[in-house]
Amino acid sequence: MNECKPSWGTHFSVDDIEQARLSGRLLSMELELSRACNLRCIYCYAESGTAMENELNITEITGVVDQALELGARRIIVLGGGEPLAYPQIMPILRYIHKKGAAIDLFTNGTLLTPEIADEFMALGVNPVIKMNSMRPDVQDLLADKQGAFDMIRQGLGHLLHAGYPSGRLSLGVQTIICRQNIDELPDMWTWIRQENMVPYFETITLQGRALKNPGLQVTPNELHVLFQTLSGIDRKNFGIEWEPHPPVAGLTCTRHLYTCTITVQGDVYPCPGVDIAVGNIRRQKLAQILRESPVIQELRNIRQNIKGACRNCELHKSCYGCRGMAYQHTGDYLASDPLCWKNPDRIII
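Residues numbered from 1 in each chain as written. Predicted model: local features only at pLDDT ≥ 70, side-chain atom pairs only at ≥ 80, totals over all residues. Heavy atoms only, no water.

Undergrad: Before we go on, may I ask you to explain the nonpolar core in this structure?
TA: Nonpolar side chains in soluble globular proteins tend to end up buried together. Met29, Leu94, Phe121, Ile263 and Leu287 are the most contacted members of the largest nonpolar core, which totals 90 residues. Other than its neighbours up to four places away in sequence, Ile263 contacts Met29, Glu30, Leu31, Glu32, Leu56, Val64, Asp268, Val269, Ile282 and Leu287. One finds Cys41, Tyr43, Ala144 and Ala211 within the second-largest nonpolar core, a separate group that totals 17 residues. (Core = buried A, V, L, I, M, F, W, Y, C linked by side-chain atoms within 4.5 Å. Buried < 20%, exposed > 50% of the residue type's maximum accessible area, 1.4 Å probe, protein only. Contact = heavy atoms within 4.5 Å.)

Undergrad: What is the right way to read helix α7 (residues 186-195) from this model?
TA: One turn of the α-helix equals 3.6 residues, which is why residues spaced by three or four share an orientation. In terms of residue burial, α7 counts as a mostly covered element, since eight of its ten residues are buried. When we look at burial in α7, the residues that qualify are Leu186, Pro187, Met189, Trp190, Thr191, Trp192, Ile193 and Arg194. Count one or two residues on from α7 and you reach Asn197, which has phi positive near 60°. (Helix = DSSP H or I, 4+ residues; strand = E, 2+ residues; numbered from the N terminus.)

Undergrad: How should I be thinking about the sheet that holds strand β5 (residues 173-177) in this particular structure?
TA: Paired through their backbone hydrogen bonds, the strands of a sheet run either parallel or antiparallel. If you walk across this open sheet you meet the eight strands as β6-β5-β4-β3-β2-β1-β7-β8, and the pairing is mixed. Where the open sheet ends on each side, the last strands, each with one partner, are β6 (199-203) and β8 (269-270). Relative to strand β3 (residues 103-108), strand β2 (residues 75-81) runs parallel, the two being bridged by four bridges. The residue bridging Ile77 from the neighbouring strand is Asp105, located in β3. (Pairing = 2+ DSSP bridges.)

Undergrad: How do you make sense of the packing of helix α4 (residues 115-124) against helix α6 (residues 149-163) when you look at a structure like this?
TA: The relative placement of two packed helices comes down to the angle between their axes together with the axis-to-axis distance. Axis separation between α4 and α6 bottoms out at 9 Å; the angle between their running directions is 45°. The angle between α4 and α6 falls in the class oblique. Of the two possible hands of crossing, α4 and α6 adopt the one that is right-handed. Taking contact as the criterion, the partners of Pro115, Ala118, Asp119, Phe121 and Met122 in α4 are, on α6, His159, Leu160 and Ala163. In terms of residue class, the contact of α4 with α6 is built from six nonpolar, one polar and one charged. (Axes fitted to C-alpha atoms, helices over the stretch in contact; angles between N-to-C directions. Parallel < 35°, antiparallel > 145°, perpendicular 65-115°, else oblique. Left-handed = near helix turned anticlockwise from the far one by under 90°. Nonpolar A, V, L, I, M, F, W, Y, C, P; charged D, E, K, R; others polar.)

Undergrad: Any chance you could explain the environment of Gly216 here in plain terms?
TA: Relative to the helices and strands, Gly216 resides in the loop between β6 and α8 (221-239). Exposure remark for Gly216: the relative accessible area of 44% places this residue in the partly exposed category. In the structure, Gly216 is positioned 37 residues away from Cys179 in sequence and 8.4 Å away in space, judged by C-alpha atoms. Aside from chain neighbours lying at most four places away, what touches Gly216 is Arg180 and Gln181.

None of the figures reported here should be taken as evidence of function without further support.
Below, the structure is given as structure tokens:
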């Protein structure tokens, strides 16, 4: 997850985000549960598969949820770290968050969904996002590193659709990584997602985890530019949706660093999965203290004043600051210009 996820500027107003930024409060929190996963996706930022030692227990997880809500969080985004539905206590955690009155976004590969889970998702107000990277079985199975993954994902999606997703109050998203293997089919896939009233989350890959071991995934900034322009044209012509093409997520703007943070499976606090700098640990400090005292968090909360290079002078500066994760993973500097942006003269040339 290098994930630019559903809360990134889509659920909160500009005023809400600015007030949270200035006051040091949260609007959302991203939550990893375990690194356990039944797939071995070749692009996975976390290299998920096996649970780590000393992962947070359910008491610690619900405790940090309480701390986030006290700081103003309205949404809890369950990234999993691995596959959330592989975590034995997933449903009690979702029930707890629902009981506390927070909205829930949950990212899942969908392969472990059942009709019963899909129905309870509806009852708990979960907004699921299915990780689906291709409409072609061979490509999907390759990217998931599992034979039959395509059929399992589509079955899980079917359970959600049968349960009533998307509904007037609950969204259903499709998260797709943009890579060499699927870039040619993404315009058709985008159109299909829109036609089904689902929400597309097409995002660039950060150079971390298994993606570093699979350089054949990468596409060039110029190819990204063409793709984003194509997707923007499809939205404008066919769906009456206007947006300015820029990375890292098609049709959306990442503003997460202004109002959220990520809690890892061992309690470390990261600015986001891509900027994987531990600024504190919830086992040793309160979340409020960590956010308040971290220089990294404070620099990113004021990213528009601190950003460097081409991003600082870009005409989209007021609305976009590129991908901080990609900047950090490629340059070691989370304030550097996005190296995958076609507007950046110092962009990566692959």
